[in-house]
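# Chain and residue survey
Here is what each chain is made of, one letter per residue.
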Amino acid sequence: MRVVFLGAPGVGKGTQADRIAAQCQVGKISTGDLLREAVRDQTVLGLEAKSYMDQGNLVPDAVVIGLVREKLADPSCANGFVLDGFPRTVPQAEALGTVLSSKGIALDLVVNFQVPREDIVRRLSGRRSCPKCQATFHIDFAPPKVDGVCDRCGEPLVQRSDDRRDAIEMRLKVYGEQTAPLVRYYDERQLLHPMDASGAVDVVFQHLSQELAPYRAT
Ligand code: AP5
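## Focus on the sheet that holds strand β1 (residues 2-6)
- One open sheet accounts for five strands, arranged β2-β3-β1-β4-β7; its pairing is parallel. A strand with exactly one partner marks an edge of an open sheet, and here the two such strands are β2 (27-30) and β7 (192-196). Adjacent strand axes in the sheet meet at a mean angle of 20 degrees, parallel and antiparallel pairs treated alike.
- Inspection of the sheet shows strand β4 (residues 109-114) paired to β7 by five bridges, in the parallel sense. Considered in β7, the bridge of Val110 is made with Leu192.

In structure tokens form, the structure reads like this:
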């Protein structure tokens, strides 16, 4: 199964990508997670990426394309992959197509997650993450058992720097300008599958799981 999860910030791509990758035993490649890891490790790439990310802007194409190319060669992706947050621009989509065809493979499907804007803002502003194990929570929709503390490792939870109101607005603007054109791009290639992702996490997962079932063995 080789699938892209496309959609605005906060539609639930990462939440569902974790579940689908585990269920289907395929690799998950999240460019947001990879970039945050580089920021935490203070690598040269991370130091470059941080200022773009904090402001809600996209990191330059060449940086993320390099990261994804490397990850696709990982053994965890041998049975397939879920791409979460990549591609995000037309040049990234073109680069992905080139990398896959050089390996003699192609995408099965691009799932376009759709959630009303007011729900997106609520999801993002209420998100809390664990800086140690990267688990994600939501103050209303997926609260930790103990307020402000990670269920998995007991670390105090934090709010992502790009989940501030001004950065959220910027991310949504950037999505509209640079990523939304991919809806048409993949529709023209008959790969686009719209998904109403406004329901609860378990409901969305059930629908997604059904839609992806035909691709599981490939
Ligand atoms: P990234 O980490 O990819 O952020 P994003 O796309 O903005 O996505 P989010 O992680 O904010 O949202 P999501 O859709 O994954 O939702 P989630 O499941 O977390 O990228 C961050 C930055 O890195 C970018 O701004 C950019 O700077 C850079 N970057 C990354 N990729 C790049 C690329 N390809 N090119 C250039 N730059 C790149 O859920 C959000 C919240 O909602 C959580 O709290 C969750 O618990 C809750 N939630 C999830 N599902 C539901 C539900 N069904 N009901 C209620 N609550 C829910």
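The discussion continues.
## Quick word on helix α8 (residues 181-188)
- Within α8 the residues assigned to the buried category are Leu182, Tyr185 and Tyr186. Along α8, the residues classed as buried sweep out an arc of 85 degrees about the axis, all on the same side. Those residues of α8 that are exposed and aimed more than 90 degrees away from the buried face are Arg184 and Glu188.
- One or two residues past the end of α8 sits Gln190, with phi positive at roughly 55 degrees.

## Side note on the state of the cysteines
- The full count for this structure, using the stated rule, is zero disulfides.
- In this structure Cys130 is not part of a disulfide, and its nearest cysteine sulfur, from Cys153, lies 3.4 Å away.
- On the accessibility criterion, Cys130 (0% relative accessible area) is buried.

## Description of the site of the ligand
- In the neighbourhood of the ligand, 34 residues make up the surrounding shell, with Thr15, Asn57, Arg88, Arg127 and Arg171 lying closest.
- Arg160 is positioned with one of its side-chain polar atoms (N or O) 3.2 Å from an oxygen atom of the ligand.
- The backbone of Gly199 places a nitrogen or oxygen atom 2.8 Å from a nitrogen atom of the ligand.
- Out of a free accessible area of 1000 Å², the ligand has 96% covered by protein chains.
- Contributions of two or more residues to the shell around the ligand are made by α1 (13-24), α2 (31-40), α6 (117-125) and β6 (136-138).
- In terms of residue count, α2 provides more of the shell around the ligand than any other element does, four residues in total.
- The residue makeup of the shell around the ligand, split by class, is 14 nonpolar, twelve polar and eight charged.

## Some details on the environment of Ala95
- Here Ala95 lies in helix α5 (residues 90-102).
- Residue classification places Ala95 among the buried residues on the basis of a relative accessible area of 16%.
- Along the primary structure Ala95 and Gly66 are separated by 29 residues, whereas in three dimensions their C-alpha atoms are 9.8 Å apart.

Cut-offs used in this document
- Residues numbered from 1 in each chain as written.
- Predicted model: local features only at pLDDT ≥ 70, side-chain atom pairs only at ≥ 80, totals over all residues.
- Heavy atoms only, no water.
- Pairing = 2+ DSSP bridges.
- Helix = DSSP H or I, 4+ residues; strand = E, 2+ residues; numbered from the N terminus.
- Axes fitted to C-alpha atoms, helices over the stretch in contact; angles between N-to-C directions.
- Buried < 20%, exposed > 50% of the residue type's maximum accessible area, 1.4 Å probe, protein only.
- Arc of directions from axis to C-beta.
- Disulfide = S-S within 2.5 Å.
- Near = heavy atom within 4 Å.
- Polar contact = N/O pair within 3.5 Å; in protein donor to acceptor, adjacent residues only side chain to side chain.
- Areas by Shrake-Rupley, 256 points an atom, 1.4 Å probe, with all protein chains shown as cover.
- Nonpolar A, V, L, I, M, F, W, Y, C, P; charged D, E, K, R; others polar.

These values are about where atoms sit, not about what they do.
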